[in-house]
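Residue strings, one per chain:
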Amino acid sequence: MSDAAINDERIKEMSPLRRALIRPELGGMVGTVAVFTFFLLFAFDSGMFNAQGVMNWSVVSAQFMIIAVGACLLMIAGEFDLSVGSMIGFAGMMIAIFGVTLGWPMWLAIVTTFAICIAFGALNGYIVVRTGLPSFIVTLATLFILRGFTIFIPQTAERKTIIGGIREAAEGDWLAPLFGAKIGGPIFQWLGDMGVIGVFTRGNRAGEPVVDGIPMLMIWAIALVIFGHVLLTRTRFGNWIFAAGGDAQAARYTGVPVDRVKIQMFMFTAFCATVFAVCQVMEFGSAGADRGLLKEFEAIIAVVIGGALLTGGYGSVIGAALGALIFGVVQQGLFFANVESSLFRVFLGVILLLAVILNTYIRRLITGER
Amino acid sequence: MEPIIRMTNIEKHFGSVIALAGVTVEIFPGECHCLLGDNGAGKSTFIKTMSGVHKPTAGEIIFEGQPLQFADPRDAISAGIATVYQDLAMIPLMSVSRNFFMGNEPIRKRAGLRFFDHDYANEVTMTEMRKMGINLRGPDQAVGTLSGGERQTVAIARAVHFGAKVLILDEPTSALGVRQTANVLATVDKVRKQGIAVVFITHNVRHAMAVGDRFTVLNRGKTLGTAVRGEITPEELQDMMAGGQEMATLEGSLGGTV
């Protein structure tokens with residue numbers, strides 16, 4: 001295609017800056033650079049950037065990423081899920097009830113929990129598309145319903161709201177390591193031996209590296225980000241996600257199965273929440289009724305920082321992943337920099353507001369609205 | 001020549017309301033058939049019957065020589081009857097090429113997985129748009145940045161690319177400025193020359209006269225007959241649309257500006 005032939009004097013040449021500005025990931029990229037610059041300048045000596053420190057904020061960021069991918073695709077499809085946090089608590093508790101209280105094999109507990117949670121996601125989606133109610137209200141109801149069950153069930157079954165013994169119950173199971181194991185141990189041992197990363201000098205772990213492997217949680221995060229990004233930008237279904245969120249009626253006219261797309265995105269969000277929950281209970285060895293509080297908002301904030309529009313139809317999984325990274329780095333970084341941790345919430349509020357304002361501006365740039 | 005679609009004595013009742021009370025139209029390939037009528041004349045009901053949204057209460061539809069009953073709009077689309085509605089079914093935030101192939105995404109298989117073939121989509125979009133006389137900045141340009149006329153043209157080009165034999169345009173010029181109207185009318189002309197039957201719904205006689213080959217006037221759910229280009233004046237069409245009576249007195253006081 002020759003560019004010279006299609007020049008048209010009515011089309012204003014687009015400056016590279018403007019072109020870059022309409023990429024949804026821009027905000028996330030700028031934010032990531034800013035955040036890393038800030039902490040490299042002010043917290044470099046705090047241990048934030050040695051092996052242990054990096055692992056610390058990477059794990060937190062990876063947690064945010066897992067739920068942000070689901071929230072991102074759902075938001076682009078034009079809906080919200082406020083029940084993500086409750087779903088995390090609920091899923092963890094289900095694993096404990098099935099695997100510990102009822103003594104099922106751990107793989108069966110995990111598979112059953114996934115099935116139940118994805119079914120709840122489908123129910124959310126079904127109610128939203130059938131009633132036409134805002135997903136905000138429908139999933140707010142699910143938020144309370146699931147949280148209620150998460151407290152009620154263990155209290156009835158075990159007379160307590162925290163159930164431990166999950167790690168022991170998962171011993172020797174074939175499926176549990178997919179969520180709870182760490183990989184690359186020998187490499188880290190070697191790095192420790194080489195002196196690249198620190199090793200413990202005292203105690204019963206003397207000689208072992210301070211970081212003994214990459215948790216499966218991070219593998220899940222990366223895999224989900226890649227999967228979400230490819231699905232959204234490179235497949236037919238991805239086009240349907242954009243279309244369903246951009247204008248559902250227009251999408252229906254051209255034959256896009258909007259209702260199915262939305263329900264499937266609710267199911268995917270529930271899947272992501274369950275992955276988060278399983279990784280968490282495998283790491284902690286216990287399930288608590290208060291797990292996952294406020295996670296739905298943190299997921300949504302990460303997605304918005306990543307450039308997605310709250311109104312749907314526009315956004316990027318890579319952006320959402322960067323939003324999650326910013327989130328994790330700042331949350332842990334303030335701790336390393338010895339800043340009062342309550343200020344993190346102030347930061348969060350400010351950055352959210354800035355992101356929403358920026359996104360609205362970018363939306364105008366793209367659509368030419370005035 | 002055989003008409004591609006012939007609709008005889010179509011009636012459509014909604015409960016006690018008679019929206020169509022006997023509409024008869026023949027549409028030939030390669031013609032621009034203007035369907036004129038004032039508000040409430042039954043234009044919308046009629047095109048929805050033609051495009052499979054409504055089932056007629058009575059009457060017969062013959063499409064390519066076969067009697068036809070559409071179950072839903074998808075039937076009509078796959079038979080080759082495409083409708084470009086006023087709201088266009090375009091998503092402003094999405095790129096032109098994503099809009100162009102929305103619901104009909106081209107697939108390329110790689111390693112057994114099915115991917116959206118962006119290269120093909122972009123190329124086809126650019127080519128089709130250039131054929132219609134619109135130079136895009138790029139296939140990734142958002143539809144929101146296009147003018148109303150350009151969007152109309154994208155919607156028409158999309159319908160044509162996906163094999164429309166009959167293209168129904170629902171008041172494509174009603175919200176447009178002078179220059180954009182001219183562009184859309186030029187597009188209609190290009191489409192007609194490809195041998196596609198265009199059904200052009202409008203209540204603007206001038207726009208109809210500019211591209212129409214034949215004119216059918218709808219009034220109170222009935223066809224008042226079809227006229228051929230050159231055998232009817234704009235004033236006569238205007239009178240038929242308005243029902244003839246008050247228009248004559250009105251036009252006197254307005255000096256023929258309507």
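The numbers attached to residues start from 1 for each chain and follow its sequence in the written order. Lettering for chains starts from A, numbering for ligands starts from 1, and both go in the order in which the items are written. Local features in this predicted model are restricted to residues whose pLDDT is 70 or higher, and side-chain atom pairs enter the listing and the counts only when it is 80 or higher, whereas totals over whole chains, interfaces and linings include all residues.

Caption draft 1: The arrangement of the overall build of chain B in detail. Elements are defined by DSSP. Helices are runs of H or I of four residues or more, strands are runs of E of two residues or more, and each kind is numbered from the N terminus. When helices and strands are tallied, chain B shows 9 helices and 12 strands. In terms of overall dimensions, chain B is globule-like: its C-alpha atoms have a radius of gyration of 19 Å, near the 18 Å expected for 258 residues. The principal-axis extents of the C-alpha atoms in chain B amount to approximately 70 × 40 × 35 Å. Burial analysis of chain B (258 residues in total) assigns 47% to the buried set. Sequence separation of at least 24 residues holds for 70% of the intrachain contacts in chain B that already meet a minimum separation of 6. Between the two quantities, the radius of gyration covers C-alpha atoms and the globule rule is 2.2 Å times the number of residues to the power 0.38. Any residue surrounded by 20 or more other C-beta atoms within 10 Å of its C-beta is treated as buried, while 12 or fewer makes it exposed and the intermediate range makes it partly exposed; C-beta atoms here are placed from the backbone. A pair of residues counts as a contact when their C-beta atoms, built from backbone coordinates, are separated by no more than 7 Å.

Caption draft 2: View of the overall build of chain A. What chain A contains, in helices and strands, is 16 helices and 4 strands. Expressed as lengths along the three principal axes of its C-alpha atoms, the size of chain A is roughly 75 × 50 × 40 Å. Within chain A, the proportion of its 370 residues that are buried is 47%.

Caption draft 3: A look at helix α6 (residues 178-193) of chain B. Residue and element names in this part refer to chain B. Under the convention used throughout, the expected extent of a helix is 1.5 Å for every residue step, that is, one less than its residue count. In this model, α6 (16 residues) spans 23 Å end to end at C-alpha, consistent with the 22 Å of a helix rising 1.5 Å per residue. Along α6, the positions that sit buried rather than exposed are Thr 181, Asn 183, Val 184, Leu 185, Thr 187, Val 188, Val 191 and Arg 192. Looking at the buried side of α6, the elements it contacts are β3 (32-37), α5 (148-161), β9 (166-170), β10 (197-202) and α7 (205-211). Note on α6: the residue one or two positions beyond its end, Gly 195, has a positive phi of about 90°.

Caption draft 4: Spotlight on the pairing of strand β11 (residues 214-219) of chain B. Residues and elements named next belong to chain B. Pairs of strands are assigned from DSSP output, requiring at least two bridges between the strands. Pairing between β3 and β11: 5 bridges, direction parallel. Its bridge partner lying in β11, Leu 35 is registered against Thr 216. Pairing of β11 with strand β12 (residues 222-228) involves 5 bridges; the strand directions are antiparallel. The partner of Thr 216 across the bridge, within β12, is Thr 226. Taken together, β11 and the strand that follows it, β12, pair antiparallel across an intervening segment of 2 residues, in which Arg 220 is found at a positive phi of about 50°.

Caption draft 5: Up close: the environment of A:Ala287. Residues and elements named next belong to chain A. Examined against the element boundaries, Ala 287 turns out to sit in strand β4 (residues 287-288). Once the C-alpha coordinates of Ala 287 and Ala 96 are considered, the two residues, 191 residues apart in sequence, prove to be 6.2 Å apart. Those residues in contact with Ala 287 that lie beyond four places of it in its chain are Gly 92, Met 93, Ile 95, Ala 96, Ile 163, Ile 166 and Val 281.

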